[in-house]
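As a plain string of letters, each chain reads:
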Amino acid sequence: MNFKDKRYIVLFLSPTVILLFTFLIYPLIQSVYYSFCEWYNFSNEKKFIGLANYNQLIHDPVIWIALKNTLILTVGAIVLQVGGGLVLALLSDSIKRGFKFFRTVFFFPIIISGTAIGLMFSIIYNYDYGLLNAIMRAFGLSEQVWLTEKSAIYLVLIPILWQYVGFYFVIFLTGISKIPEDIYESAQLDGITGIQKAFKITIPLMRDVTAACLTLATAGALKVFDVVYIVTKGGPMNASELLSTYMYDKAFNGQNAGYASTIVIAMMLLGVLITVVLNKAVKKDTISY
C-alpha cells in the first residue's frame, strides 16, 4: 500500500473527521448560533436577538462571581495539580524501593468517580453528621458551619485538586523516564547536585510535557461540574458557582438555552486565552549546569 496516495489518507482519516465534526465542530457552531438567539424551554422557536445575550452576560453579577471562582480553580489546578504532580514525580524518581507502591497510591484518586468523591466530601462537611464536626466534638470544640459564603469555594476545591494530582504525577513520571541517562551521567561527572539536576536538566527537558499538562489542567478546570454540583450546587448564595455550574443552571433550571450557550462561548474563549498565555510562558531555556 502506497501511503503517499492521498486516497488512502482520506480513507483512514475520514472516520476521525466525521466523528470530530459530528460531536465537536457542529455542536460548537450550533452553540455560537444559539448564543445570538432567545431560546427558552428547548422549544422549536428560536428568536434571533443579536448581542443581547452577550450584553446580559457582561451585566450579570453572578457571572463575575462564577468567573472569579473559575479562575481560582484554574490557578489551583496549575499550581497544585500540575506543580504537585511534578514535585511528586521528581521525588518518586529518586526512590529505589517501593516505587510502584507510591505510583499506585498517588494515582488511585483519579480512578474514583467524581460523583463518589463529591458525596464523600459533602458528608465530611455536613453540619449534623459530618466528619469534621465529629472531630470537633471529640476534642470538646463547638461545631462549625463549614460551607459558608467565604469558605465554600475553597473547601469545594480541595477534592477537585486532590483527585487529579496523581494524573499529572504519572504524566511527569513518564516524561522523566524518557530522558536519556547519558545526560544525567555526564552531569554527575561535572559534579551536579540533586536540586541542580531537577531544575537544570529534568524540568527544562520536559517543556513539552509541562505545556501539555498546563493545557489539560486548564481544560479540566473549565469542565469541572460534578463535585461542585453535588457538594454545594453553586451555593450558598452563588458563592461557589463556576461557569460550568452556572451554565447548567441557566440551561436546565432557568430553561434559557440561548443564554447558557453564551456562557459556553465565554468558557471556550477563556480556555483558549489561558492556554495560549501559559504555553508562551513555558520558555525554551537551554540546559546549563
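Quick caveat, the model's predicted, so the values are computed rather than measured.

A.B. asks: Any chance you could explain the overall build of the chain here in plain terms?
C.D. replies: Check the secondary structure of the chain and you find 13 helices and two strands. Contacts spanning at least 24 positions in sequence make up 69% of the contacts within the chain whose residues lie at least 6 apart. Summed over all atoms, the accessible surface of the chain reaches about 17,300 Å², with 67% contributed by carbon and sulfur. In the chain, which carries 22 positive and 17 negative side-chain charges, the distance between the mean positions of the two groups comes to 6 Å.

A.B. asks: I'm lost on the nonpolar core in this one. Help?
C.D. replies: Side chains of nonpolar character tend, in soluble globular proteins, to be buried together. Residues L73, F172 and I263 are the most contacted members of the largest nonpolar core, which totals 49 residues. Mapped onto this core, the elements with two or more residues apiece are α3 (61–93), α5 (114–125), α7 (152–177), α8 (181–189), α10 (207–223), α11 (226–231), α12 (243–253) and α13 (257–281). If sequence neighbours within four positions are ignored, I263 has contacts with L57, I63, L243, Y246, M247 and K250.

A.B. asks: Which parts of the structure should I look at to understand unusual backbone geometry?
C.D. replies: For residues that are not glycine, phi is negative in most cases, and the peptide bond is trans in most cases. Residues G235 and P236 are joined by a peptide bond in cis, for which omega reads -5°. Considering the arrangement of structural elements, one finds P236 in the loop between α11 and α12. If you check the backbone angles, N41 has positive phi at about 60° while not being a glycine. Residue N41 is classed as exposed on the basis of its relative accessible area, which comes to 55%.

A.B. asks: Please clarify how the packing of aromatic side chains should be interpreted in this entry.
C.D. replies: Within this structure, the stated rule accounts for 15 aromatic pairs. Measuring from ring centre to ring centre gives 5.6 Å for W39 and F42, while their planes differ by 80°; the resulting arrangement is edge-to-face. A relative accessible area of 40% places F42 in the partly exposed class. Relative to Y125, the ring of F121 has its centre 6.0 Å away and its plane inclined at 55°; by these criteria the two rings are tilted.

A.B. asks: Can you help me understand the confidence of the model for the chain in this one?
C.D. replies: Detailed reading of predicted coordinates is not advised where the pLDDT is low. Per-residue confidence for the chain gives a mean pLDDT of 87, with 95% of residues at or over 70. When mean pLDDT is taken per element in the chain, helix α2 (residues 52–59) scores highest with 94 and helix α4 (residues 99–107) scores lowest with 78.

A.B. asks: Looking at this structure, I do not really get the side chain of S261. What am I missing?
C.D. replies: Relative to the helices and strands, S261 is located in helix α13. Setting aside its immediate chain neighbours within four residues, S261 contacts S31, Y34 and S35.

A.B. asks: I would appreciate a short explanation of a nonpolar patch on the surface in the present structure.
C.D. replies: A contiguous nonpolar patch, built from L20, F21, L24, I25, Y26 and I29 and spanning about 560 Å² of accessible area, is present on the exposed surface. As for its position among the elements, Y26 is in helix α1 (residues 6–34).

A.B. asks: For this particular structure, what's the right way to read helix α9 (residues 194–205)?
C.D. replies: At 3.6 residues per turn, the α-helix brings residues three or four places apart onto the same side. For α9, which comprises twelve residues, the first-to-last C-alpha distance of 15 Å matches the rise-based estimate of 16 Å (1.5 Å per residue) to within 8%. Of the positions making up α9, those classed as buried are A198, I201, T202 and P204. Looking at the buried residues of α9, the elements they touch are α3, α7, α8 and α10.

A.B. asks: What am I meant to see in the packing of α12 against α13 here?
C.D. replies: Helix packing for two helices is described by the angle between their axes and how far apart those axes are. With their axes 8 Å apart at the nearest point, α12 and α13 run at an angle of 165° to one another. By the angle between their directions, the pair α12 and α13 is classed as roughly antiparallel. Remark: the crossing between α12 and α13 carries left-handed chirality. Contact residues: L243, S244, Y246, M247, K250 and A251 in α12; Y259, A260, I263, V264, M267 and L270 in α13. A per-class count over the contact of α12 with α13 returns ten nonpolar, one polar and one charged.

About the cut-offs
- Residues numbered from 1 in each chain as written.
- Predicted model: local features only at pLDDT ≥ 70, side-chain atom pairs only at ≥ 80, totals over all residues.
- Heavy atoms only, no water.
- Helix = DSSP H or I, 4+ residues; strand = E, 2+ residues; numbered from the N terminus.
- Contact = heavy atoms within 4.5 Å.
- Areas by Shrake-Rupley, 256 points an atom, 1.4 Å probe, with all protein chains shown as cover.
- Lys, Arg positive; Asp, Glu negative; His and termini not counted.
- Charge placed at Lys NZ, Arg CZ, Asp CG, Glu CD.
- Core = buried A, V, L, I, M, F, W, Y, C linked by side-chain atoms within 4.5 Å.
- Buried < 20%, exposed > 50% of the residue type's maximum accessible area, 1.4 Å probe, protein only.
- Phe/Tyr/Trp six-rings, centres within 6.5 Å; stacked < 30°, edge-to-face > 60°.
- pLDDT = per-residue confidence, 0-100.
- Patch = residues over 30% accessible without salt bridge, like charges linked within 9 Å, V, L, I, M, F, W, Y side chains within 5 Å.
- Salt bridge = Lys/Arg side-chain N within 4 Å of Asp/Glu carboxyl O.
- Expected span 1.5 Å × (residues − 1).
- Axes fitted to C-alpha atoms, helices over the stretch in contact; angles between N-to-C directions.
- Parallel < 35°, antiparallel > 145°, perpendicular 65-115°, else oblique.
- Left-handed = near helix turned anticlockwise from the far one by under 90°.
- Nonpolar A, V, L, I, M, F, W, Y, C, P; charged D, E, K, R; others polar.

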